[in-house]
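# Chain and residue survey
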Amino acid sequence: YKLVINQKAAQILQDITEPVVVVAIVGKYRTGKSYLMNKLAGSDNGFALGSTIQSKTKGIWMWCVPHPVKPGHTLVLLDTEGLGDIEKGDEKNDSWIFSLAVLLSSTLVYNSVGTIDQDSLDKLHYVTELTERIKLKAKATADDDESAEFKRTFPSFIWCVRDFTLKLEQEGKQITEDEYLQNGLKLKSGLSNAIMLYNFPRECITHFFNSHKCFVFERPASTADLQRLEELSESQLEPNFVKQTHTFCNFVFKNSQTKTLAGRHCVTGRMLGNLAVTYVESIRSGSVPCMENAVLALAQIENTVAIQDALSVYEAEMRQAESTFPTETQDEFLEKQTQCESRAVKVFMGRSFKDDKREYQGQLMRDLHHKNEDFAKRNEEASIRKCQDLLQVLSASLEKGIADGEFCKPGGHKRFVQEKQKITETYNNSPKKGIKAAVVLQQFVEGKKHIETAVLQADESLTKRDIEAPKKKKKKKKK
Ligand SMILES: Nc1nc2c(ncn2[C@@H]2O[C@H](COP(=O)(O)OP(=O)(O)OP(=O)(O)O)[C@@H](O)[C@H]2O)c(=O)[nH]1
Ligand SMILES: [Mg+2]
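The following refers to the structure shown. (Residues numbered from 1 in each chain as written. Chains lettered and ligands numbered in written order. Predicted model: local features only at pLDDT ≥ 70, side-chain atom pairs only at ≥ 80, totals over all residues. Heavy atoms only, no water.)

## Describing the packing of helix 14 (residues 359–394) against helix 16 (residues 412–429)
Going by this rule: Axis definition: a line fitted to C-alpha atoms, limited for helices to the stretch in contact. Angles are taken between N-to-C directions and run from 0 to 180 degrees. A run of H or I in DSSP becomes a helix once it reaches four residues, and a run of E becomes a strand once it reaches two; helices and strands are each numbered from the N terminus. The scheme is simple: roughly parallel for angles under 35 degrees, roughly antiparallel for over 145, roughly perpendicular for 65 to 115, oblique for anything else. Note: crossing handedness is left-handed where the near helix turns anticlockwise from the far helix by less than a right angle, and right-handed where it turns clockwise. The contact criterion used is simple: two residues touch if any of their non-hydrogen atoms lie within 4.5 Å. All amino acids are sorted into three groups, where Ala, Val, Leu, Ile, Met, Phe, Trp, Tyr, Cys and Pro are nonpolar, Asp, Glu, Lys and Arg are charged, and the leftover types, Gly among them, are polar.
Here helix 14 crosses helix 16 at 140°, and the two axes come no closer than 10 Å. By the angle class used here, helix 14 and helix 16 are oblique. Between helix 14 and helix 16 lies a crossing of right-handed hand. In this structure, helix 14 contributes Cys387, Leu390, Leu391 and Leu394 to the contact, and helix 16 contributes Ile423, Thr426 and Tyr427. Its residues assigned to classes, the contact of helix 14 with helix 16 comprises 6 nonpolar, 1 polar and no charged.

## Observations regarding the packing of aromatic side chains
Quick reminder of the rule: Aromatic contacts are taken between Phe, Tyr and Trp rings whose centres are within 6.5 Å, Trp giving its six-membered ring; a plane angle under 30 degrees counts as stacked, one over 60 as edge-to-face, and the others as tilted. Only protein chains enter the area calculation, which uses a 1.4 Å probe; residues under 20% of their type maximum are buried, those over 50% are exposed, and those in between are partly exposed. Only Lys NZ and Arg CZ are tested; either one counts as a charge over a ring when it is within 6 Å of the ring centre and within 35 degrees of the ring normal.
Considering all chains together, one arrives at 15 aromatic pairs under this definition. When the centroid spacing of 5.0 Å and the interplanar angle of 80° are considered together, the rings of Tyr110 and Trp159 count as edge-to-face. In this pair, Tyr110 sits in strand 4 (residues 107–113) while Trp159 sits in strand 5 (residues 156–162), placing the two residues 49 residues apart along the sequence. Looking at Tyr110, the relative accessible area reads 2%, which means it is buried. Assessed through its relative accessible area of 0%, Trp159 is described here as buried. By the ring-pair criterion, three or more aromatic residues cluster together here, those being Tyr35, Phe215, Phe217, Phe241, Phe248 and Phe251. The aromatic ring of Phe217 is capped on one face by Arg162, whose charged end is 5.5 Å from the ring centroid. Here Lys433 stacks its cationic end above the ring of Tyr427, 5.2 Å away from the centre of that ring.

## A short note on the layout of surface pockets
Stated precisely, the cut-off is as follows: Cavities and pockets were defined on a 1 Å grid built from protein atoms only: a cavity is a group of points that admits a 1.4 Å probe but offers it no way out, a pocket is an open group of points flanked by protein on both sides within 12 Å along at least five of seven lines, and a lining residue is one with an atom within 4 Å of any such point. Grid points are joined across faces, edges and corners, and a volume is the space filled by probe spheres set on the points.
What the second largest pocket holds in volume is close to 620 Å³. Secondary structure elements with two or more residues in the lining of the second largest pocket: helix 1 (7–14), strand 2 (60–66), helix 3 (91–104) and helix 11 (269–284). For the lining of the second largest pocket, a count of residues per class yields 20 nonpolar, 3 polar and 2 charged.

## Topic: the side chain of Asn379
Relative to the helices and strands, Asn379 resides in helix 14. Assessed through its relative accessible area of 0%, Asn379 is described here as buried. Sequence-distant contacts of Asn379, that is, excluding residues within four places in its chain, are made with Phe325, Pro326, Thr327, Phe333 and Ile435.

## Some details on the pattern of salt bridges
Threshold: When a carboxyl oxygen of Asp or Glu is within 4 Å of a side-chain nitrogen of Lys or Arg, the pair counts as a salt bridge.
Within this structure, the stated rule accounts for 17 salt bridges. Here Lys213 ties to Asp178 by a salt bridge, and the two come within 2.9 Å at their closest N and O atoms. Pair noted here: Lys213 is in strand 8 (residues 212–216) and Asp178 is in helix 7 (residues 177–185), with a separation of 35 residues, a long-range link. On the basis of relative accessible area, Asp178 is assigned to the partly exposed category, the value being 23%. Notably, a salt bridge pairs Glu302 with Arg351, separated by 3.6 Å at the nearest N-O pair. Here Arg351 lies in helix 13 (residues 330–351) and Glu302 lies in helix 12 (residues 291–322), a separation of 49 residues in the sequence. Overall, the relative accessible area of 2% leaves Glu302 in the buried class.

## Here we look at the environment of Thr206
The test is simple: Nitrogen and oxygen atoms within 3.5 Å of one another constitute a polar contact, given that in protein one can donate a hydrogen and the other can accept it, and given that sequence-neighbouring residues count only through two side-chain atoms.
Topologically, Thr206 is positioned in helix 8 (residues 193–208). In the structure, Thr206 is positioned 257 residues away from Thr463 in sequence and 111 Å away in space, judged by C-alpha atoms. If sequence neighbours within four positions are ignored, Thr206 has contacts with Lys151, Leu185 and His212. At 2.7 Å, the side chain of Thr206 forms a polar contact with the backbone oxygen of Arg202.

Now the structure itself:
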């Protein structure tokens, strides 16, 4: 017998990003568990029932419905294989089913038939084994108050008593269902072995679970009708049974808490799926599922995804901003970047899980920093490209003049300088050049220096020649 995660179920959970309320039912085989879970699901034929003495449900079955009264939440129903079927003869498997139900649920429904008596408590011996089947911490320390920790992490407990035939009375006084349960859980005083055995399951139930509730149900129909219960309409059932079922469902809808971990971290469907995988893996590998390790493994998964989500939000928004690059100023760029960064951090915070030491947030900030640098570089490059293109257009006539030798004439240098001046002015008056405007202009001017020098030299020598030539002519004339 091997526990495995059903891939279809895992996929369903993977797609649920809402917090989940998880109700699991456990108890002896053939006692109407699946029937009751169908009532919570608001359907008559979700979980398959069986009408023979053979146990029907195998393993753990899951059904997810939108939470009927908590908007934005998903109600996850876990129907489990009946416990104690001798035909199956695998006690160990029963214990693991019970442990998994405890580990995965936020409300645990224990279903039994008849009365809350020694026999029904003996059948709940699985609670006494929980400490061997579930480890809270990877390394337990001596002063750990385990039971307080259990209470914080374990589900609420509801005992459903089916086919209840007694009167809720004690010493002539009427008592409530909860009082009935409290009476059943009362401890005996004394230290004898028998008394300790009597007290042990009661102590476990009292100490492990953080709240206790009881519902008793009458027999729903006559013996003949019991086999086809799901085909009968409510009017064909015992009115008290119908009423009690409604009360039970409404209580679960209203009071069942969102599944949390370590007492405070809300669990989403996706996280529940990952938890189930972790627990089942450790059971399969022969070790005891450890809640602390599972939470750490989950934090690793969730926070890694949270970082990815945040980075892709940053990336997408910055890419959009990039279409308007270059920014006029560095401040403008930084402002945009800060905006995108804080949005990314928000996304991370919304999804991060138990990042107490801010390790993952630190990782995110480092990754963001790298991306920041990339975009800053791209903003610079965009500015350089834009400025160079602009200068190329503006200097076209200057370049042509140089090529045509127009400045190698007397007065050429003056015109060259004027032309350069004009380019600089138009350049400086052009908007949106970005943060590299000055540098690129500087480079442009530098690049023209040797031509300017050449132009100046040519100008000077030509001018000199022009001045000297008439002198020579005059001299000639004098002669
Ligand atoms: N006597 C009685 N029978 C019920 C009750 N609720 C359901 N049944 C019938 O009992 C039979 C078994 O019901 P299931 O809901 O399949 O019981 P189960 O506990 O899920 O059974 P396993 O999955 O085999 O453990 C079905 O024929 C139901 O119609 C009830 O409150 N009392
Ligand atoms: Mg069943």
